[in-house]
Amino acid sequence: MKILHIDTGREVRGGQWQALYLLRELAAAGQDCILLARPPLLDRARAEGLDARPLRFRDIVRLSRSVDLIHAHDAHAHTLAASVLRPFVVSRRVAFPVRVSFASRWKYSRAARYLAVSKYVRNILIAGGVPDEKIAVVYDGVPLSPAQHAMRSKIVALDFADPGKGRALIQQAAQRAGVEVFFSKDLTSALQEAALFVYITQSEGLGSGALLAMAAGVPVLASAVGGLPEIVEDGVTGILTKNSPEQIADNMLRALGDPALLARLGDNARKRVQEGFTTKHMMARTLQVYRKVIA
């Protein structure tokens, strides 16, 4: 099986990390994959010894003739894949509604399968006219971090410029609660000192940042929106909140004031990832889709 992967992102965010995790696992499983991407994802993939090449449309056309399947990892990659006459699948990680237009209907009719990142995203695709039988739910996967038992004290959040990611709400809540929140672009490092990870957003397909925290045994305080409740079970693997500064602040104080609750949530969260949300789980589910399409 030979797969051509396409990612058009100009920075490494959640979707690009997922593409990289998948390619690592596929390569380790002996699958033949080529990635067409832009820097910095291109550079990261090459540094790991993966077959990664600059994104050029002529190369998509040329390489598509010698592969069994194309995997488009974002919306623009979906458009590019739809322009060549080869079977392709699309990872759908965003919670935006499907556009209603002739061009959109043509584009969405072309894919052989959609890999919806959550049941929530699956329902959005169905509402947009994609047949249920063309959709498979393939949850994001993250590396399982070593269990950490050291005392941690920081509240950590992602440093996103996107206003939909709730930074202003987190800051208002922190001020109300009288606590400090550390915003980080390097989540893996920041989680080593985190007692709580706060993930506030207006819309979310799933939330791979929340999964990364859970894999490190860090409890997550997350918005009860989109696909987040599919991984963050309130009171079991994390805490769900309404998007109000008052409720976010109350939940911050509740969590920080109860070390036993934090420990229980962190342990449960890590087990949840271990049982169903690792990169190996994601790779196995993706391979199932590939084989069905090729067959």
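Scroll up a little and you will see the structure.
The structure contained in this document is the topic of the report that follows. Please read these numbers as outputs of a predicted model, since none were measured by experiment.

**So, the sheet that holds strand 1 (residues 2-6)**
Line of reasoning, step 1. Ordered in space as 3-2-1-4-5-6-7, the seven strands form an open sheet in which the pairing is parallel. Whereas interior strands pair on both sides, the edge strands pair on one side only; in this sheet they are strand 3 (52-54) and strand 7 (135-137). On average, each strand axis in the sheet is tilted by 25° relative to the strand beside it, whichever way the strands run.
Line of reasoning, step 2. In terms of strand pairing, strand 6 (residues 113-116) meets strand 7 through three bridges, oriented parallel. Looking at strand 7, one finds that Y114 is bridged to I135.
Line of reasoning, step 3. The sheet strands contacting helix 6 (residues 119-127) are strand 5 (88-92), strand 6 and strand 7, and the helix crosses strand 7 at an angle near 165°.

**Remarks on helix 5 (residues 102-110)**
Line of reasoning, step 1. Every buried residue of helix 5 is accounted for by S104, K107 and Y108. Burial along helix 5 is one-sided: seen end-on, the buried residues are contained in an arc of 90°. Away from its buried face by more than 90 degrees, helix 5 exposes F102 and R105.
Line of reasoning, step 2. Looking at the buried side of helix 5, the elements it contacts are helix 4 (75-82), strand 5, strand 6 and helix 6.

**A word on the packing of helix 7 (residues 167-177) against helix 10 (residues 245-256)**
Line of reasoning, step 1. Two elements in contact, helix 7 and helix 10, have axes separated by 8 Å at closest approach and are oriented at 55°. What the angle tells us is that helix 7 and helix 10 run oblique. With respect to the hand of their crossing, helix 7 and helix 10 are arranged in right-handed fashion. Contact residues: L169, I170, Q172, A173, A174, R176 and A177 in helix 7; P245, E246, I248, A249, M252 and L253 in helix 10.
Line of reasoning, step 2. Looking at side-chain class alone, the contact of helix 7 with helix 10 contains 10 nonpolar, one polar and two charged residues.

**Focus: the pairing of strand 5**
Line of reasoning, step 1. Where burial is concerned, most of strand 5 is hidden: five out of the five residues are buried.
Line of reasoning, step 2. Taking every second residue as pointing to the same face, both faces of strand 5 are buried, with F88, V90 and R92 on one and V89 and S91 on the other.
Line of reasoning, step 3. Two elements, strand 4 (residues 69-72) and strand 5, share three bridges in a ladder whose sense is parallel. Residue H71 lies in a different strand from strand 5, and its bridge partner there is V89.
Line of reasoning, step 4. Considered for its hand, the β-α-β crossover made up of strand 4, helix 4 and strand 5 is right-handed.
Line of reasoning, step 5. What joins strand 5 to strand 6 is helix 5, and the crossover it makes is right-handed.

Each value, and the rule that gives it
Residues numbered from 1 in each chain as written. Predicted model: local features only at pLDDT ≥ 70, side-chain atom pairs only at ≥ 80, totals over all residues. Heavy atoms only, no water. Pairing = 2+ DSSP bridges. Helix = DSSP H or I, 4+ residues; strand = E, 2+ residues; numbered from the N terminus. Axes fitted to C-alpha atoms, helices over the stretch in contact; angles between N-to-C directions. Contact = heavy atoms within 4.5 Å. Buried < 20%, exposed > 50% of the residue type's maximum accessible area, 1.4 Å probe, protein only. Arc of directions from axis to C-beta. Parallel < 35°, antiparallel > 145°, perpendicular 65-115°, else oblique. Left-handed = near helix turned anticlockwise from the far one by under 90°. Nonpolar A, V, L, I, M, F, W, Y, C, P; charged D, E, K, R; others polar. Right-handed = clockwise from strand over helix to strand, strands pointing away.

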